[in-house]
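Chains, contacts and geometry: an overview
The residues making up each chain are set out below.
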Amino acid sequence: MKFRANLVMGGVLFAAVVVAGTFAPFLAHTDPVMDANLMNAEIPPGSEFWFGTDAQGRDIYSRVLHGARISLTVGIVSQLINTVIGVALGLSAGYWGGWWDDLVSGVTNMMLAIPSLIFALAIMAILTPGLTSLLIALGLTNWSYTCRLSRASTLSLKNQGYVQAAKVLGYSDIRIMVTQILPNILGPIIVIGTLGMGGAVLAEASLSFLGLGIRPPFPSWGSMLSDARDQITTAPWISVFPGLAIFVTVLGLNLLGDGLRDILDPQSRARRA
Amino acid sequence: MSETGDNTILKVEDLEVKFNLGGGLFGGKRRTVHAVDGVDLVLRKGECLGLVGESGCGKSTLALSILGLQAPTRGRVILDGQDIAAPGVDRKARARIAQMVFQDPYSSLNPRQSVRRTLEAPLRMHGVTTKSEIDDRIAEIMRHVGLRMEQAERYPHEFSGGQRQRIGIARALILKPKIVVLDEPVSALDVSIRAQIINLLLELKDTLSLSYIMISHDLGVVEHMSDRVAVMYLGRIVETGDWHTIFTEPRHPYTRALIAAIPDPFNHGLAVKMSGEVPNPLEPPSGCRFHPRCPEMREGCRAQPTPPLAAVGQGHAIQHEVRCIRAAELV
Amino acid sequence: MSGEALLEVENLRLDLIVGARRFPAVKDVSFTIGRGETLGLVGESGCGKSITALSLIGLLRHPLAIGGGTIRFKGREIQNLSAGEMRKLRGNAISMIFQEPMTALNPLSPVGRQIAEMFVLHKGATWHEAERKAVEALANVRVPAPDRRVKDFPHQLSGGMRQRVMIAIALACRPDLLLADEPTTALDVTVQAEILDLIRDLSAAQGTAVLMISHDLGLIANMCARVGVMYAGRLVEKRPAQEVFRTPSHPYTKGLVASLPLLGARARHGRHKLKEITGVVPAVTAFPDGCRFNPRCYARTEICVAQDPGETPLPHDGLVRCHHHE
């Protein structure tokens, strides 16, 4: 098998973020919230504070590490919710067809017409800001692509002989969907899910930046950027490092998604050949 | 023909399957296709019924109705004494009576399931749960279809087309059904492999006391395998009888044209007996549906109603029936 | 053999290129077709019959390439012609019809225009003139109401009608050679009979030679004067059509003839168990050494594994490639 640069690069970047998030308490130098010390405010990056400190004198390196936890939690959990909703709706709509398909397709098209970030903003405005609300808001607004993809893949598979055979063998519809169709459409869904995870990390940052996501003092990359707005010319490191963290995470997830697509999606493989 | 002869395993009575096209939300003319239009059939234990006809004649829809995959709009399908076309019949109960072997051995096996999994899942679902019994049943069926036990752990892509078809046959037989629908069972296989599968199917029919309904466009295969043959045209049976009668003394001009259309390797040239193609099933011709293509057509053939399927000849064990007003003249 | 040789293929070798390796998908295939003659090539999927036909009109694409041998058409070697020169030949002197006419026709252009294009392209006709000829061409392939059908798009026609249009296009410029690759496999038997009849009548009337390719031995024997049987990239037997069925010589041909449930056989002789050919068709990348049929052959001996058999001539310009032929 030939060397897949996308997959390896993406995997390494994403793994780095996962390691940073997982071992944040051990890797961090200080507590990201409590260890504020105005004496140390706005110190540039150096040997003591690797990424410098912010206006409250907190260590940015430690805050970025802890921020990875929030970003990963939001990315993974919200995308899991999206995938479950999208697959359940798309698979059943494609398999059953009829009025259910009309309904699901109609709702999906409506969802696609509304910018998902605006939709998430609206939900956040109703709920109280916080991690749980953020997971709900991002988990309910991004399933339309997964849904369309699952529906289309199901339509192309449902007349395959082995699906017919399962019906003849007495399998229930749900069992056919779960055991016969789902394993065969999973590849492209994983790809979309990975790419969507990058989108969710960005969305979390955007919402937090706007003050509708994770509220300060908790170290979300988005809220760190938001806090750093005033010092962007005087102390650029306060915004550069969280921005870099977002960039690395999203880039890693996108590369990983592309790499997985090359492996899992035979059509894209054929196109390249 | 005895109505409830104790060796009748399948009885199809006045079966009709209609599809509605058009209509719906954005209007358009609503039209109806009669894919199967009033079909009566009988299959006895141990028999192979060959179902022949060109694309669009309704043979596949008929087979799907017999398996319960297509709900009929009228009529009954009595499998082993039970009307399986009635609403509310359990899919599982039907599965233990009738099974199917598919045409394409590549798309008919789930690429992500090993042979064992393909055979084990249906057994578990139908209440066979002890490990030893499952192993015995799988070993038995693998032996019957000529596969080795160590091949059970492999996945479909590791097998050739002929072996895949053996796996498909094993899957159809794992629940010990009484009837198996064979949908073009060899037409997707390499020519040099076909004889293996044909021989296997005939052998299994005897050793496992199965009854077959075989759909095929290959008349050579149909003649070789069938006991009884039904010829369909535009949703209706136009001729039925035992294989010998159908292949040596066909009466319906359509049957004759079908047989004449097979290239004879020992002679040059074909006796093209009819012209044109199957008409649009949305607008079937009046009277006898075959009349626009029929070389024996007379004025009366256009008149309504369609001629009935009527018995001809005497002394056949299986009644010879023909749907043609000129059947008596066309000897 | 009728008349001089139109097409002479000698020791044709076609390679399948996988990375740096070349596998001989077709090897040492030689045959000739005389003017107005019909030759059939039969074999199973992967035996190389279709790519042999494609190589004759320069339509082989990567990963397949001509690896050796000569193709002479009217005495001129054409295997190394430039793309431009080949295009002039294609559709004009040699044309081809395929299994699925829908993919070979342009879905966005009326069929009449697609036929007319041939006259404009190869015969320098004006569009006006060409469209009149297109109506004639459709009438020739027995399409009813041709003056109205020329305006139809391919999707408005049935499979049989589309194949007639393909034949009209292929025969528009009265080619010397028609290549027909499984032309009726996608059609119903009664439509198949009409299409075969049409190909036979038109080629006879125009003096067009036909190379017909099929997996159906019965069809080939019925349609063609001579038959070449291919197995795993080799021409294993070449005989007059009648003799292939009556006295097959190669064990593979024998096996095929005995394994086919021929229409009428059961009525005449009762039901016999069909003779099976054991094993499976090998993949191009795994052709066996020696005779390529040896792993499946009932007559195999040591020499079959050790040595590739050469061609042995048989009466009536036939040949067989087997150490143990009869």
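The rules behind these values
- Residues numbered from 1 in each chain as written.
- Chains lettered and ligands numbered in written order.
- Predicted model: local features only at pLDDT ≥ 70, side-chain atom pairs only at ≥ 80, totals over all residues.
- Helix = DSSP H or I, 4+ residues; strand = E, 2+ residues; numbered from the N terminus.
- Buried ≥ 20, exposed ≤ 12 C-beta atoms within 10 Å, placed from the backbone.
- Rg over C-alpha atoms; globule rule 2.2 N^0.38 Å.
- Contact = placed C-beta atoms within 7 Å.
- Nonpolar A, V, L, I, M, F, W, Y, C, P; charged D, E, K, R; others polar.
- Expected span 1.5 Å × (residues − 1).
- Core = buried A, V, L, I, M, F, W, Y, C linked by C-beta atoms within 7 Å.
- Pairing = 2+ DSSP bridges.
- pLDDT = per-residue confidence, 0-100.

1. A short note on the overall build of chain A
- Helix and strand counts for chain A come out as 12 helices and zero strands.
- Tracing chain A from N to C terminus, the helices and strands come up as α-α-α-α-α-α-α-α-α-α-α-α.
- Structurally, chain A occupies a C-alpha span of about 75 × 50 × 30 Å along its principal axes.
- When each of the 273 residues of chain A is scored for burial, the buried share is 45%.

2. Observations regarding the overall build of chain C
- If you tally the helices and strands in chain C, you get 13 helices and 12 strands.
- The C-alpha atoms of chain C give a radius of gyration of 21 Å, which matches the 20 Å a tight globule of 326 residues would have.
- C-alpha extents for chain C along the principal axes are approximately 65 × 50 × 40 Å.
- Here chain C holds 326 residues, and 47% of them are scored as buried.
- Within chain C, contacts between residues separated by at least 24 positions form 64% of all contacts whose residues are at least 6 apart in sequence.

3. Observations regarding the interface of chain B and chain A
- With 21 residues of chain B at the interface, the matching set in chain A holds 13 residues.
- Of all the elements in the fold, those that place two or more residues in the side of chain B that touches chain A are helix H2 (91-95), strand E6 (98-101) and helix H3 (115-125) of chain B.
- Here the element with the most residues in the side of chain B that touches chain A is H2(B); it accounts for four residues.
- Along the lines of polarity and charge, the residues of the side of chain B that touches chain A split into 10 nonpolar, five polar and six charged.

4. Remarks on helix H5 (residues 161-173) of chain B
- Relative to the 18 Å expected for 13 residues at 1.5 Å per residue, H5(B) spans 19 Å between its end C-alpha atoms, a close match to the ideal helical length.
- Packing partners of the buried residues in H5(B) comprise helix H8 (161-168) of chain A together with E6, H3, helix H4 (131-144), strand E7 (179-183) and helix H6 (191-207) of chain B.

5. Here we look at the environment of B:Pro250
All names here are of chain B.
- By secondary structure assignment, the location of Pro250 is in the loop between helix H8 (243-248) and helix H9 (253-260).
- We classify Pro250 as buried; it has 22 C-beta atoms within 10 Å.
- Beyond its immediate stretch of four places on either side in the chain, Pro250 contacts Glu239, Thr255, Arg256 and Ile259.

6. Structural notes on the nonpolar core
- B:Ile66, B:Ile213, B:Met214, B:Val231, C:Ile115 and C:Ala168 are the most contacted members of the largest nonpolar core, which has 248 residues in total.
- Not counting the four nearest positions on each side in its chain, B:Ile66 is found in contact with B:Leu10, B:Val12, B:Val77, B:Ala98, B:Val181 and B:Ile213.
- Counting five residues, the second-largest nonpolar core is a separate cluster that includes A:Leu89, A:Ala93, A:Val104 and A:Trp143.

7. Notes on the arrangement of the chains
- Where the two pairs of chains in contact are concerned, the greatest contact count is recorded for chains B and C.
- No part of chain A reaches chain C; the closest C-alpha pair between them is 11 Å apart.

8. Comments concerning the interface of chain C and chain B
- Every contact between the two is made by 39 residues of chain C and, on the other side, 36 residues of chain B.
- Every element with two or more residues in the side of chain C that touches chain B is listed here: helix H8 (189-206), helix H9 (217-223), helix H10 (241-246), helix H11 (251-259) and helix H12 (265-269) of chain C.
- Here the element with the most residues in the side of chain C that touches chain B is H8(C); it accounts for eight residues.
- Residues belonging to the side of chain C that touches chain B are distributed by class as follows: 19 nonpolar, 11 polar and nine charged.

9. Digging into the sheet that holds strand E4 (residues 64-73) of chain C
Residue and element names in this part refer to chain C.
- Taken together, the four strands give an open sheet; going across it, the order is E2-E1-E4-E5, and neighbouring strands pair in antiparallel fashion. A strand with exactly one partner marks an edge of an open sheet, and here the two such strands are strand E2 (21-34) and strand E5 (76-77).
- The pairing of E4 with E5 spans two bridges and is classified as antiparallel. The residue of E5 that forms the bridge with Arg72 is Glu77.

10. Regarding the pairing of strand E8 (residues 211-215) of chain B
Residues and elements named next belong to chain B.
- Within E8, five of the five residues are buried, which leaves it mostly tucked inside the rest of the structure.
- The alternating pattern of E8 places Ser211, Ile213 and Ile215 on one face and Tyr212 and Met214 on the opposite face, and all of these are buried.
- Sheet topology note: the strand E3 (residues 48-52)/E8 ladder contains four bridges and is parallel. From the neighbouring strand, Leu49 faces E8, where its bridge partner is Ile213.
- Where E7 meets E8, five bridges bridge the pair, whose relative direction is parallel.

11. Focus: the pairing of strand E10 (residues 236-242) of chain B
Residues and elements named next belong to chain B.
- Counting buried positions over the seven residues of E10 gives six, a clear majority of the element.
- Here strand E9 (residues 228-233) pairs with E10 via six bridges, running antiparallel. Residue pairing for E10: Val231 is matched across the bridge by Glu239.
- The turn joining E9 and E10, which pair antiparallel and follow one another in sequence, is formed by two residues; a positive phi near 45° is taken by Leu234.
- Sheet analysis places E10 next to strand E12 (residues 320-322), joined by two bridges and oriented antiparallel. Counted as the bridge partner of Thr240 is Glu321 from E12.

12. Some points on the confidence of the model for chain A
All names here are of chain A.
- For chain A, per-residue confidence averages 84 on the pLDDT scale, and 93% of positions sit at 70 or higher.
- Mean pLDDT across the elements of chain A bottoms out in helix H12 (residues 266-272) (46) and peaks in helix H7 (residues 144-157) (94).
- Counting interchain partners and residues more than four positions distant, the pLDDT-below-50 stretch residues 267-273 has three contacts.

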